Amino acid sequence: MSNAVAQDDTPVQSISQLVEILAQGCKPRELWRIGTEHEKFGFIRPEAAQSSVSPQSGRPAYAAPPYAPAGIEDMLTGLRQSEPDNWQPIMDAGSIIGLKGQNDAKGAGISLEPAGQFELSGAPLETLHQTAQELNEHYEAVRPLARKLGLGFSALGFHPTAPRSELPWMPKTRYGIMRNYMPKVGKLGLDMMQRTCTVQVNLDFGSEQDMVRKMQVSMALQPVATALFANSPFVEGKANNYLSNRARVWTDTDNQRAGMPACVFDKDFSFEKYVEWALDVPMYFITRNGKMRDVAGRSFRAWLNGDRQDGLEDVRPTLSDFEDHLTTAFPDVRLKQFLEMRGADAGSAEMMVAQSALWVGLLYDDAALEAAYELVRERPWEDYAKLRALVSAQALDTPWGEGTVRDLAAHMVGIAMDGLQNRNHVDEETGQEEWAYLAPLTALAAGAPTQAERWLERYYGAWMGDASRIFLESEI
């Protein structure tokens, strides 16, 4: 969901200009929308690996598909050819690296994560019913094309079998810059790039005050979302004692740009406070004349102040440079001209929609938002930051007060249920109400196992230790 302003080469003269970029996201309630993004891992289906006539023959079953031939590039090209009026290619140095939606797909996009994780960036939609329909239509478009290429796709939080050395790199300039820089600032940054998949929902705010309340509530509760959506218990074919290995990876990726920035919980948090934090996030790149320039590790603040920065001596920062820079910050909730919830593992279709339902219920109804704020204020903000580092291992069974995170999740889901009931959006064709999409989370709050725990039961039982079985059982 993108509502960024157009490319703007206006020179940055003051912090207030940068604050205004974020403030432009304020919208009246009737224009609030839901934008869902979800990623999935590609794999080579067993029959394609074994067939002499398959484009994938000779490649191991369940291996990640290459960019080309007969891989991710053909997926993008095929989707575009199937709906030429709706998708336009996004190119990078002559390679197709995504699709931009238009006409019936206006506002949507298809993009690639570093190892070819396939992502739908959903259009801004009014209801969760439309979100569910969009997901189903995307899967219906992807499945036959993937089968034709001998591929499948599974939505999991961390790649269950492959070491990084067996995963491809997509021909995306930005990822080349990040690939070189990540090992300098954390131990697990390359794992984040190549071996993780997430689902996120992007939501609007009405004013700066509304943004602050939503940001504080959602930031504090991201660890609970991590626990609810835990779906990555395997690493290189083995259980590794984490239910969300994706969440564990984020604890040592690049802590200058990730996590739960303390400033969010300040009493005077504001657009300006976020800008000030973002200015101290090290840079990755700038774009000039259509080409990215590697300036990884440079200081945007120093550049803005006119201090010498290698690789930036001949240019001055523009508003577009800062907008690009905002996309390189990775807090658990990211502020742009909307809020991005970033704490969940990718998972089943039902869980993908449930993730959107959870945050819509919490944040888009005034009474629910206030109730959620009162809930999180029962404990110091620091306790939620500590919780972030713990839930990757035990998920809902992580200790919390005199109980567990499951207790906190039950309160959270209950508030979201009230919020969705207050929205009262009923699907005209089916009569279904939005709160029904919370059903998987209601079960989890009542004691059901997480997706990760269900996979572990299969791993130690019917699969007899063969984690590769997860691909076909989780295939979209």
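Conventions used here
- Residue numbers here run from 1 along each chain, matching the order of that chain's written sequence.
- At least 70 in pLDDT is required for a residue's local features to be given in this predicted model, at least 80 for side-chain atom pairs to be given and counted, and no such filter applies to totals for whole chains, interfaces and linings, which use all residues.
- Side-chain calculation: all heavy atoms of the structure are included, whereas hydrogens and water are not.
- Helix and strand assignments come from DSSP, with helices taken as H or I runs of at least 4 residues and strands as E runs of at least 2, each series counted from the N terminus.
- The globule rule used here is 2.2 Å times the number of residues to the 0.38 power, and the radius of gyration it is set against is calculated over C-alpha atoms.
- Buried, partly exposed and exposed residues are distinguished by accessible area as a fraction of the type maximum, computed with a 1.4 Å probe on protein chains only: under 20%, between the cut-offs, and over 50%, respectively.
- In this description, accessible areas are obtained by the Shrake-Rupley approach with a 1.4 Å probe, and a residue is regarded as covered only by the protein chains that are shown.
- Charge counting follows a simple rule: Lys and Arg are positive, Asp and Glu are negative, and His as well as the terminal groups are ignored.
- Note that the charge is assigned to NZ on lysines, CZ on arginines, CG on aspartates and CD on glutamates.
- Stacked, edge-to-face and tilted are the three classes for Phe, Tyr and Trp ring pairs, Trp counted by its six-membered ring, which pair at centre distances within 6.5 Å; planes under 30 degrees apart are stacked, over 60 edge-to-face, the rest tilted.
- Throughout this description, the term charge over a ring refers to an Arg CZ or Lys NZ atom that lies within 6 Å of the ring centre and within 35 degrees of the ring normal.
- Two strands qualify as a pair provided DSSP detects at least 2 bridges between them.
- In the sections that follow, a salt bridge refers to a side-chain nitrogen of Lys or Arg positioned within 4 Å of a carboxyl oxygen of Asp or Glu.
- Every angle, taken between N-to-C directions, lies between 0 and 180 degrees, and every axis is a line fitted to C-alpha atoms, over only the stretch in contact when it is a helix.
- When an angle is under 35 degrees it counts as roughly parallel; over 145 it counts as roughly antiparallel; between 65 and 115 it counts as roughly perpendicular; any other value is oblique.
- Left-handed is the label given to a crossing in which the near helix is rotated counterclockwise from the far helix by less than a right angle, and right-handed is the label when the rotation is clockwise.
- We call two residues contacting when some pair of their heavy atoms lies within 4.5 Å.
- Polar here means any residue outside two lists: the nonpolar Ala, Val, Leu, Ile, Met, Phe, Trp, Tyr, Cys and Pro, and the charged Asp, Glu, Lys and Arg; Gly therefore counts as polar.
- Nonpolar cores were defined as sets of buried Ala, Val, Leu, Ile, Met, Phe, Trp, Tyr and Cys residues, with membership established by side-chain atoms within 4.5 Å.

In terms of helices and strands, the protein carries 19 helices and 17 strands. The C-alpha atoms of the protein give a radius of gyration of 22 Å, which matches the 23 Å a tight globule of 476 residues would have. Judged by the C-alpha coordinates and their principal axes, the protein covers about 65 × 55 × 45 Å. The buried share of the protein, reckoned over its 476 residues, is 59%. A total of about 19100 Å² of accessible surface is found on the protein, and carbon and sulfur atoms cover 47% of it. Considering the protein, the positive charge centre built from 46 side chains and the negative charge centre built from 65 side chains are found 6 Å apart.

Throughout the structure, instances matching the rule amount to 20 aromatic pairs. Ring geometry for Phe-118 versus Phe-153: centroids 5.4 Å apart, planes at 40°, classification tilted. Of this pair, Phe-118 sits in strand β5 (residues 118–121) while Phe-153 sits in strand β6 (residues 151–154), placing them 35 residues apart in sequence. In this structure, Phe-118 and Phe-153 share a single accessibility class: buried. Note on Tyr-373 and Trp-381: the rings are 6.5 Å apart at their centroids and 50° apart in plane angle, and the pair reads as tilted. With respect to class, Tyr-373 is no different from Trp-381; both count as buried. Among the aromatic side chains, those forming a connected cluster through ring pairs are Phe-234, Trp-455, Tyr-459, Tyr-460 and Trp-463. Against the face of Tyr-284 rests Arg-257, its NZ or CZ located 4.0 Å from the ring centre. Stacked on the ring of Trp-400, the Lys or Arg Arg-379 has its end atom at 4.1 Å from the ring centre.

This part covers the pairing of strand β2 (residues 87–92). By the bridge criterion, 6 bridges tie β2 to strand β3 (residues 95–101) in an arrangement that is antiparallel. The partner of Pro-89 across the bridge, within β3, is Leu-99. The antiparallel hairpin formed by β2 and β3 contains 2 residues in its connecting segment, where Ala-93 sits at a positive phi of about 50°.

As enumerated under the stated definition, the model contains 27 salt bridges in all. In this structure, Lys-273 engages Asp-268 in a salt bridge whose closest nitrogen and oxygen atoms are separated by 3.3 Å. Arg-406 is paired through a salt bridge with Asp-397; the nearest N and O atoms lie 3.4 Å apart. In the salt-bridge network here, residues are joined through shared partners; they are Arg-45, Glu-47, Arg-147 and Glu-475.

Below, the discussion takes up the packing of helix α4 (residues 128–148) against helix α12 (residues 349–363). In contact at an axis separation of 10 Å, α4 and α12 are set at 155° when each is read in the N-to-C sense. In terms of axis orientation, α4 runs roughly antiparallel to α12. Of the two possible hands of crossing, α4 and α12 adopt the one that is right-handed. Contacts from Leu-128, Thr-131, Ala-132, Leu-135 and Tyr-139 in α4 reach Ala-349, Met-352, Val-353, Ser-356, Ala-357 and Val-360 in α12. Looking at the contact of α4 with α12 residue by residue, the classes come out as 9 nonpolar, 2 polar and no charged.

Next up on the list: the nonpolar core. Phe-118, Met-215, Leu-358 and Trp-359 are the most contacted members of the largest nonpolar core, which has 138 residues in total. For this core, the element with the highest residue contribution is helix α7 (residues 208–228), accounting for 11 residues. Contact partners of Phe-118, with chain neighbours within four places excluded, come to His-38, Glu-39, Lys-40, Ile-72, Met-75, Leu-76, Leu-79, Ile-110, Ser-111, Leu-112, Val-142 and Phe-153. Counting 18 residues, the second largest nonpolar core, distinct from the first, contains Leu-190, Val-235, Ala-258 and Ala-296.

Keep in mind that these numbers describe shape and distance, not what the molecule does.
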